[in-house]
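Here is what each chain is made of, one letter per residue.
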Amino acid sequence: MTDATFPQCRIVTERLLNPETTEHLLNKLAEIAGIRRMVLNGPRLPATVTYGPATGMANPHNMRKTIHVGDQEVELQVHVGTVILEIESRDVIPALKTACEQVFTNFTFRIQEGKFMKTEPSLVDYCKYGPDADKSILGLADPSSKSKPTIIQGIK
């Protein structure tokens with residue numbers, strides 16, 4: 001049996017998303033059948049200051065919130081700028097476009113097709129998860145993060 005190559009696409013908006021917009025978008029995307037993996041990209045929002053004279057102190061930021069996606073709570077650790085998706089077939093793209101049009105009413109967005117996620121294990125994946133890593137989390141490892149990816153169950 002050969003390994004299947006799944007299409008990937010990226011949702012790019014003209015601005016960074018606030019937590020309410022991110023929550024609305026993720027709930028719309030969770031309703032779509034055919035999405036295999038998803039990565040939220042953007043600047044990191046650490047809970048504590050990581051460098052400088054205030055190292056170790058609390059880092060108050062109004063974009064770091066806990067959102068509700070489906071029946072699960074997810075703590076935002078990034079200020080979302082792009083959403084990268086791996087989908088089962090290109091037939092899902094019209095549903096993605098419809099969901100984005102419902103959420104992004106005040107600003108523009110683009111859905112780009114290409115290769116945006118790793119599909120083979122890298123050294124970071126090997127070091128973080130070991131030789132028998134789950135293929136569904138490849139490319140989702142942040143080498144400096146001590147947390148694991150959040151798995152949200154959508155429609156199957």
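Criteria and thresholds
- Residues numbered from 1 in each chain as written.
- Predicted model: local features only at pLDDT ≥ 70, side-chain atom pairs only at ≥ 80, totals over all residues.
- Heavy atoms only, no water.
- pLDDT = per-residue confidence, 0-100.
- Helix = DSSP H or I, 4+ residues; strand = E, 2+ residues; numbered from the N terminus.
- Contact = heavy atoms within 4.5 Å.
- Pairing = 2+ DSSP bridges.
- Axes fitted to C-alpha atoms, helices over the stretch in contact; angles between N-to-C directions.

Before going further, it helps to spend a moment on the confidence of the model for the protein. Per-residue pLDDT for the protein averages 86, and the proportion of residues at 70 or more is 86%. Mean pLDDT across the elements of the protein ranges from a minimum in helix H3 (residues 123–129), with 77, to a maximum in helix H2 (residues 93–103), with 96.

Take the environment of Thr119 next. The residue Thr119 is located in the loop between strand S6 (109–114) and H3 in this model. Non-local contacts of Thr119, meaning those with residues more than four positions away in its chain, are made with Gln8, Glu86 and Leu138.

The sheet built from four strands is open, its strands ordered S2-S5-S1-S6 with antiparallel pairing. Of all strands in the sheet, those with a lone pairing partner are strand S2 (35–41) and S6, marking the two edges. Each strand axis lies, on average, 20 degrees off the axis of its neighbour in the sheet, ignoring direction. Its contacts with the sheet put helix H1 (residues 19–30) on strand S1 (8–13), S2 and strand S5 (82–87), and the angle it makes with S2 is roughly 170 degrees. On top of the sheet, H2 reaches S1, S2, S5 and S6; it is set at about 160 degrees to S6, its chief contact.

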